[in-house]
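# What the coordinates show
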Amino acid sequence: VYHSSVPVKNDPAVEPAPHEDNLFWVPNIIVPAGDVEENRTFTMKFTSTVTQLQITIYNRGGRQVFHSTDPAFVWDGTSKGSAMSQGAYIWLAKFRDSSGKLHEEHGTVTLIR
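Counting restarts for each chain: residues are numbered from 1 in the order of the written sequence. In keeping with the model being predicted, local features are shown solely for residues with a pLDDT of at least 70 and side-chain atom pairs are shown and tallied solely at 80 or more, while totals for entire chains, interfaces and linings include all residues. The basis for every side-chain value is the complete set of non-hydrogen atoms in the structure, without hydrogens or water.

## Here's the deal with the pairing of strand 10 (residues 87–96)
- The pairing criterion for strands is at least two bridges between them, as found by DSSP. In DSSP terms, a helix is any run of H or I states spanning at least four residues, a strand is any run of E spanning at least two, and both are numbered starting from the N terminus. Examined bridge by bridge, strand 6 (residues 51–58) and strand 10 share six bridges and lie antiparallel to one another. For Thr51, the partnering residue across the bridge sits in strand 10 and is Arg96.
- In this antiparallel pair of consecutive strands, strand 10 and strand 11 (residues 102–111), the connection spans five residues, and Gly100 shows a positive phi of 95 degrees.

Right under this line is the structure:
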């Protein structure tokens, strides 16, 4: 589910809406076993070229469950091959935009099983 209020395919999922700075879209809910493929994973969809990305996802206890340096990363709600529990996860991202400016962003994503 992405930040917006436009329903998609009669599903509680919604179309992407840009983050505050309009550099990327990010879901706030993922449903790995859901009917809508776009809502099964967590990823960032950028509006321009991004370099030097670092994304880390933590559980509520502060334990790192995912990390990537690939701008095309995809998190499927697992950690080391094991399905993570339903609940809220915190993500932290650092990346450079096409002009070379460093951005540090954070938010939450809710995993629904």
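## Observations regarding the packing of aromatic side chains
- Working definition: rings of Phe, Tyr and Trp (its six-membered ring) pair if their centres are within 6.5 Å, and the pair is stacked with planes under 30 degrees apart, edge-to-face with planes over 60 apart, and tilted otherwise. Under the criterion given, the structure shown has eight aromatic pairs.
- A ring pair is formed by Phe42 and Phe73, whose centres lie 6.0 Å apart and whose planes are at 40 degrees; its orientation type is tilted. Taken together, the residues Phe42 in the loop between strand 4 (29–30) and strand 5 (45–46) and Phe73 in the loop between strand 7 (64–68) and strand 8 (78–79) connect sequence positions 31 residues apart.
- Only protein chains enter the accessibility calculation, which uses a 1.4 Å probe; a residue whose area is less than 20% of its type maximum is buried, one above 50% is exposed, and one in between is partly exposed. Judged by its relative accessible area of 0%, Phe42 falls in the buried class.

## Remarks on the sheet that holds strand 10
- Ordered in space as 4-11-10-6-7, the five strands form an open sheet in which the pairing is mixed. The sheet is open, and its two borders are formed by strand 4 and strand 7, each paired with just one other strand.
- Summarising the sheet, strand 10 and strand 11 pair through ten bridges and their orientation is antiparallel. Within the sheet, the bridge partner assigned to Ala88 lies in strand 11 and is Thr110.

## What about the pairing of strand 11?
- The alternating pattern of strand 11 places His103, Glu105, Gly107, Val109 and Leu111 on a buried face, while none of Leu102, Glu104, His106, Thr108 and Thr110, on the opposite face, is buried.
- Both strand 4 and strand 11 contribute to a ladder of two bridges, which runs parallel. Each residue of the ladder has a partner; that of Ile30, found in strand 11, is Leu111.

## Section: unusual backbone geometry
- Phi angles above zero are rare outside glycine, and Gln52 is one such case at about 55 degrees.
- Along the chain, Gln52 falls in strand 6.
- You will see that Lys80, though not glycine, has its phi angle at about 55 degrees, which is positive.
- If you trace the backbone, Lys80 turns up in the loop between strand 8 and strand 9 (82–83).
- Using a relative accessible area of 85% as the deciding quantity, one classes Lys80 as exposed.

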